[in-house]
Amino acid sequence: MAYKLWYWPSLQGRGEFVRLALEGAEIAYRDCARTAGEDGLMADLNDRTGRTPFAPPYLELDGLVIAQVANILMYLGERHGLAPSSMADRLWLNQLQLTIADLVAEVHNVHHPVAMMDYYADQKPEAARAAKQFREDRIPKFLGHFEDAAQANPGEWLIDHKWSYADTSLFQVVEGLRYMFPQRMKTLEPDYPNLIRIHDQVADLPGIKAYLNSDRRLAFNTDGIFRHYPELDAE
């Protein structure tokens, strides 16, 4: 039986971290809101009772509903061999995934630094200030941590010699930051060769390669988390 993935139908967003793991492992799933639409997604979310998700993305199978990206990926990692067997390694991957979640939150705050429900156009001066600090200080701090994580493993991936859900998530981090800050990333990328190597290896996985060439992979846009506003980018 295929998983049901519920996420906004018109953007990559946080749901993309889940999609990439599913696609990379060629695990069957239905991207439910692609057919049900946003109204169908909200109806499904609002009709739930008890232990409900706070927000998309959430994954469903046989009555089990799991929300929060790191939580979903930890489940998929253990169920489908996308994480190592030892507890220490599984916790390390989850730790990295939670750090990626911190990065994603900061990415969103760049273009919504004052009020998350207000439009970017209503907070441009503040966004310019936030973007400068994020470009100069926060991106190197995060990427440096991920580079150290990649370098700590003697194998080709983050853990051992097999890709994990954290590898596909780092791929999405690089892709998103390249879209959001192309000038800045061009300057920074030579400093993180192991991170970029993992990105390239993920892109070459058969399942990922097929996904990237399909219409299932939505384009980045200014409704998502990683948004490109030229005025916020610089070397």
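Everything here concerns the structure above.
The structure presented is a predicted model; accordingly, all values stated were derived computationally and were not measured.

Trainee: How should I be thinking about the pattern of salt bridges in this particular structure?
Mentor: Oppositely charged side chains are able to pair whenever their charged atoms sit close together. Inspection of every chain in the model, using the stated rule, returns 14 salt bridges. Lys132 is paired through a salt bridge with Glu136; the nearest N and O atoms lie 3.1 Å apart. Pair noted here: Lys132 and Glu136 are both in helix α5 (residues 124-152), with a separation of four residues, about one helical turn. Given the relative accessible area of 40%, Glu136 is considered partly exposed. Salt bridges sharing common partners tie together Glu16, Arg19, Asp31, Arg34, Glu175, Arg178, Glu189 and Arg217.

Trainee: Would you mind showing me how to read the sheet that holds strand β4 (residues 64-67) here?
Mentor: Picture the strands of a sheet paired through backbone hydrogen bonds; they go either parallel or antiparallel. One open sheet accounts for four strands, arranged β2-β1-β3-β4; its pairing is mixed. Of all the strands in the sheet, the pair left with one neighbour each is β2 (29-31) and β4. Recorded for the sheet is a direction-independent mean angle of 20 degrees between the axes of neighbouring strands. Where strand β1 (residues 3-6) meets β2, three bridges bridge the pair, whose relative direction is parallel.

Trainee: Looking at this structure, how should I read the packing of aromatic side chains?
Mentor: Geometrically, a pair of aromatic rings is defined through the distance of the ring centres and the angle of the planes. Summed over all chains, the structure comprises seven aromatic pairs. Taking 6.4 Å as the distance between ring centres and 90 degrees as the angle between the ring planes, the aromatic pair formed by Tyr3 and Tyr75 counts as edge-to-face. Here Tyr3 is found in strand β1, whereas its partner Tyr75 is found in helix α3 (residues 69-80), with 72 residues between them in sequence. For Tyr3, a relative accessible area of 3% puts it in the buried group. Given a relative accessible area of 22%, Tyr75 falls into the partly exposed group. An aromatic cluster of three or more residues is present, and its members are Tyr179, Phe220 and Phe226.

Trainee: Explanation requested: the side chain of Arg19 in the structure shown.
Mentor: Mapped onto the fold, Arg19 is located in helix α1 (residues 15-24). Here Arg19 falls in the buried class, since its relative accessible area comes to 0%. In this structure the side chain of Arg19 is engaged in a polar contact, spanning 3.3 Å, whose partner is the backbone oxygen of Gln12. Within polar-contact distance, the side chain of Arg19 engages the side chain of Glu16 at 2.7 Å. With residues up to four places along the chain from it excluded, the contact list for Arg19 reads Leu5, Tyr7, Trp8, Leu11, Gln12, Tyr29, Asp31, Arg34 and Tyr211.

Trainee: So what exactly am I meant to see when it comes to the pairing of β1 here?
Mentor: As a crossover connection, the stretch from β1 through α1 into β2 is right-handed. Of the strand pairs in this sheet, β1 and strand β3 (residues 58-61) are connected by three bridges, and their pairing is antiparallel. Opposite Lys4, over in β3, you have Glu60 as the bridge partner.

Trainee: How should I be thinking about helix α6 (residues 165-180) in this particular structure?
Mentor: Every α-helical turn comprises 3.6 residues, leaving residues that sit three or four positions apart pointing alike. Between the first and last C-alpha of α6 there are 23 Å, a value that for 16 residues agrees with the 22 Å anticipated at 1.5 Å per step. Among the 16 residues of α6, 13 are classified as buried, and the element is accordingly described as predominantly covered.

Trainee: Would you explain the nonpolar core in this entry?
Mentor: Soluble globular proteins: nonpolar side chains tend toward being buried together. Leu143, Phe146, Leu158, Leu177 and Phe181 are the most contacted members of the largest nonpolar core, which totals 63 residues. Considering each element in turn, this core owes the most residues, nine residues, to α5. Once residues within four sequence positions are removed from consideration, Leu143 is found in contact with Val173, Leu177, Met185, Tyr192 and Leu195. Core analysis: the next-biggest nonpolar cluster, separate from the first, contains seven residues, Trp6, Cys32, Ala33 and Tyr58 among them.

Definitions and limits used
Residues numbered from 1 in each chain as written. Predicted model: local features only at pLDDT ≥ 70, side-chain atom pairs only at ≥ 80, totals over all residues. Heavy atoms only, no water. Salt bridge = Lys/Arg side-chain N within 4 Å of Asp/Glu carboxyl O. Helix = DSSP H or I, 4+ residues; strand = E, 2+ residues; numbered from the N terminus. Buried < 20%, exposed > 50% of the residue type's maximum accessible area, 1.4 Å probe, protein only. Pairing = 2+ DSSP bridges. Axes fitted to C-alpha atoms, helices over the stretch in contact; angles between N-to-C directions. Phe/Tyr/Trp six-rings, centres within 6.5 Å; stacked < 30°, edge-to-face > 60°. Polar contact = N/O pair within 3.5 Å; in protein donor to acceptor, adjacent residues only side chain to side chain. Contact = heavy atoms within 4.5 Å. Right-handed = clockwise from strand over helix to strand, strands pointing away. Expected span 1.5 Å × (residues − 1). Core = buried A, V, L, I, M, F, W, Y, C linked by side-chain atoms within 4.5 Å.

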